Amino acid sequence: MKTNIFFTADHHFGHANIIKFSERSFESIEEMNEELIKRWNEKIGKDDTVYHLGDMSLGKPDFTKEILNQVNGKIHLIKGNHEYAALRVPERFEWIKDYHELYVEDEDANLGKQKITLLHYAMRTWNGSHHGTWQLYGHSHGTLPDDELSLSIDVGVDCHNFYPISYEEVKEIMKCKKWTPPFVPRH
């Protein structure tokens with residue numbers, strides 16, 4: 001059975017001020033938390049793989065554990081700048097890292113594998129960026145303009161109607177980019 005792969009970031013569970021800071025359309029923190037959990041579970045199944053690129057929760061560790069127990073998937077956490085509570089429930093994560101280079105089997109990709117750099121923060125260049133490696137990030141809550149010449153995107157919930165984004169959805173976005181390898185010989 002093939003597992004699905006999803007990416008997301010910047011839920012900020014338990015963070016009342018994020019509603020104002022990011023102009024989220026929720027009336028209360030309770031409504032936001034409930035809707036974020038609902039939308040997560042609408043897309044992600046119990047056995048799906050999730051790469052969360054930081055800022056999971058600003059609630060206390062017990063609150064964060066309660067939230068994590070309500071969401072589906074095998075979660076891999078890339079640390080953001082607001083990870084105090086999530087780091088106190090490491091048993092809910094497959095692993096916790098600062099940075100990760102992921103390889104996804106994909107027959108359309110060079111040599112049958114798509115390389116993806118995962119970091120909480122956007123980068124202008126990254127390992128393999130000149131060879132078609134993608135870079136996924138969060139942190140900016142949709143405030144960075146998308147660069148159509150760069151194979152990077154913000155996977156944070158503020159950019160995707162508060163839903164996680166699947167590998168297939170990321171792939172479709174990347175296909176629309178106007179990126180070309182920078183070191184192709186010119187005629």
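Let me begin by describing the structure that accompanies this report. What you see as residue numbers is a count from 1 along each chain, following the sequence as written. Only residues with pLDDT of at least 70 are given local features in this predicted model, and only at 80 or more are side-chain atom pairs given and counted; all residues enter the totals for whole chains, interfaces and linings. As a convention, hydrogens and water are excluded, and side-chain values are obtained from all of the structure's heavy atoms.

## What about the side chain of Asn33?
Note that Asn33 resides in helix H2 (residues 29–43). Contacts were defined at the residue level, with two residues in contact if any of their heavy atoms lie within 4.5 Å. Filtering out sequence-adjacent residues up to four positions away, Asn33 remains in contact with Phe13, Gly14 and Phe63. Numbering goes from the N terminus for both helices and strands, where a helix is a DSSP run of H or I of at least four residues and a strand is a run of E of at least two.

## Some remarks on unusual backbone geometry
Although it is not a glycine, His139 adopts a positive phi angle of roughly 65 degrees. Mapped onto the fold, His139 is located in the loop between strand S7 (134–137) and strand S8 (152–154). Each residue gets one of three labels from its accessible area relative to the maximum for its type: buried under 20%, exposed over 50%, partly exposed in between, using a 1.4 Å probe on protein chains only. Under the relative-accessibility criterion, His139 is labelled partly exposed at 33%. Look at Asn161: it is not a glycine, yet its phi comes out positive at around 55 degrees.

## Considering the nonpolar core
The biggest cluster of nonpolar side chains holds 23 residues, and the ones touching the most others in it are Met32, Trp40, Met56, Ile75 and Phe93. Here this core gets five residues from one element, more than from any other, and that element is H2. In contact with Met32, other than residues within four places in its own chain, are His11, His12, Gly14, His15, Ile18, Ile19, Arg24 and Phe26. The next biggest cluster of nonpolar side chains, apart from the first, holds 19 residues, and it includes Ile5, Ile153, Val170 and Met174. Nonpolar core, defined: a set of buried Ala, Val, Leu, Ile, Met, Phe, Trp, Tyr and Cys residues in which side-chain atoms within 4.5 Å join the residues together.

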